[in-house]
Amino acid sequence: MRVTTDISRIDLLKFNLRFMVTTSYMYKYFSIIVAIVLAIVFWKAGLPNTQEKWMISIVGAFLSGLAAIGIYFLFCIGSILLRSNTLNGILGVHEYELRDEGLFEKTTANETLNRWEGLGKVTIAGPFLLLQVSGFLYHIFPKRCFKTEEDFNSFKSALQNKVYEAHNKPL
């Protein structure tokens, strides 16, 4: 089974926006920032002695956490968008083929075979079918790259089956 995608900067932006709000590490990062800000405020000024001061401290820490996540996201997405191009194979046409030994990918920059055992979960995130390659690295398959919904679902099922079978082989 084969599929061809054409990844654009808009695809990367949409993927990263969706990824940011659905990944648990962002919430952990936010919680840590809030806790650190509160610890610094309490260390410098002592524990608040009125309900108003408590609210100011908590809201200030919450806003600091949001600002930190916003700055982090802008840095990350800026880096991704600036470094991504067709020459390095991130943007542009990606030709994929499901093979017995793994997922074969061909771009202008490389040809790669990812063995099924090394691949992670297959998920749907909005307009994308995602295949986790490692940690925070994904192959992105936009729905628009499939002629029909049936083609999309067929590819998704085949991908899920290959990954599942590879991870559940008897020893």
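Just so it is clear, the structure is predicted and the values come from calculations on it, not from any experiment. (Residues numbered from 1 in each chain as written. Predicted model: local features only at pLDDT ≥ 70, side-chain atom pairs only at ≥ 80, totals over all residues. Heavy atoms only, no water.)

S.K.: Even after reading the chapter, I still don't get the sheet that holds strand β5 (residues 122-125), so can you show me in this structure?
M.R.: Pairing between the strands of a sheet is mediated by backbone hydrogen bonds and can be parallel or antiparallel. Here we have three strands laid out as an open sheet, ordered β5-β6-β7, and antiparallel in their pairing. Whereas interior strands pair on both sides, the edge strands pair on one side only; in this sheet they are β5 and β7 (137-142). Each neighbouring strand pair of the sheet contributes to a mean axis angle of 30 degrees, computed without reference to strand direction. Here four bridges tie β5 to strand β6 (residues 128-134), and the two strands are oriented antiparallel to one another. What sits directly across from Ala125, in β6, is Phe128. In the packing of helix α1 (residues 9-22) onto the sheet, contacts are made with β5, β6 and β7, and the angle to β7 comes to roughly 120 degrees. (Pairing = 2+ DSSP bridges. Helix = DSSP H or I, 4+ residues; strand = E, 2+ residues; numbered from the N terminus. Axes fitted to C-alpha atoms, helices over the stretch in contact; angles between N-to-C directions. Contact = heavy atoms within 4.5 Å.)

S.K.: How should the packing of aromatic side chains be read in this particular structure?
M.R.: Evaluated as defined, the whole model comprises eight aromatic pairs. Measuring from ring centre to ring centre gives 5.3 Å for Phe42 and Trp54, while their planes differ by 70 degrees; the resulting arrangement is edge-to-face. Of this pair, Phe42 sits in helix α2 (residues 24-45) while Trp54 sits in helix α3 (residues 51-83), and the two are 12 residues apart along the sequence. The class of Phe42 is partly exposed, set by a relative accessible area of 21%. Taking relative accessible area as the criterion, Trp54 reaches 33% and is therefore assigned partly exposed. The residue whose ring lies beneath Arg99 is Phe104, and the NZ or CZ to ring-centre distance is 4.0 Å. (Phe/Tyr/Trp six-rings, centres within 6.5 Å; stacked < 30°, edge-to-face > 60°. Buried < 20%, exposed > 50% of the residue type's maximum accessible area, 1.4 Å probe, protein only. Lys NZ or Arg CZ within 6 Å of the ring centre and 35° of its normal.)

S.K.: What exactly am I supposed to notice about the packing of α1 against α3 here?
M.R.: To characterise two packed helices, one gives the angle between the axes of the helices and the distance between these axes. With their axes 11 Å apart at the nearest point, α1 and α3 run at an angle of 150 degrees to one another. Viewed along their axes, α1 and α3 adopt a mutual orientation that is roughly antiparallel. In the crossing of α1 with α3, the sense of the turn from one axis to the other is right-handed. Judged by residue contacts, Arg9, Leu12, Leu13, Asn16, Leu17 and Met20 of α1 engage Ile69, Phe73, Ile77, Ile80 and Leu81 from α3. Residue composition of the contact of α1 with α3, grouped by class: nine nonpolar, one polar and one charged. (Parallel < 35°, antiparallel > 145°, perpendicular 65-115°, else oblique. Left-handed = near helix turned anticlockwise from the far one by under 90°. Nonpolar A, V, L, I, M, F, W, Y, C, P; charged D, E, K, R; others polar.)

S.K.: Just checking my understanding: could you explain the packing of α2 against α3 for this structure?
M.R.: One can describe the packing of α2 onto α3 by two numbers: an axis separation of 8 Å at closest approach and a directional angle of 135 degrees. Classified by the interaxial angle, the pair formed by α2 and α3 is oblique. Viewed along their axes, α2 and α3 form a crossing whose handedness is right-handed. Contact with α2, carried on its side by Tyr25, Met26, Tyr29, Phe30, Ile33, Val34, Val37, Leu38, Val41 and Phe42, involves Trp54, Ser57, Ile58, Ala61, Phe62, Ser64, Gly65, Leu66, Ala68, Ile69 and Tyr72 of α3 and no other residues of that element. Each residue belonging to the contact of α2 with α3 can be placed in one class, and the counts come to 18 nonpolar, three polar and no charged.

Remember that the coordinates give geometry; whether it matters functionally is a separate question.
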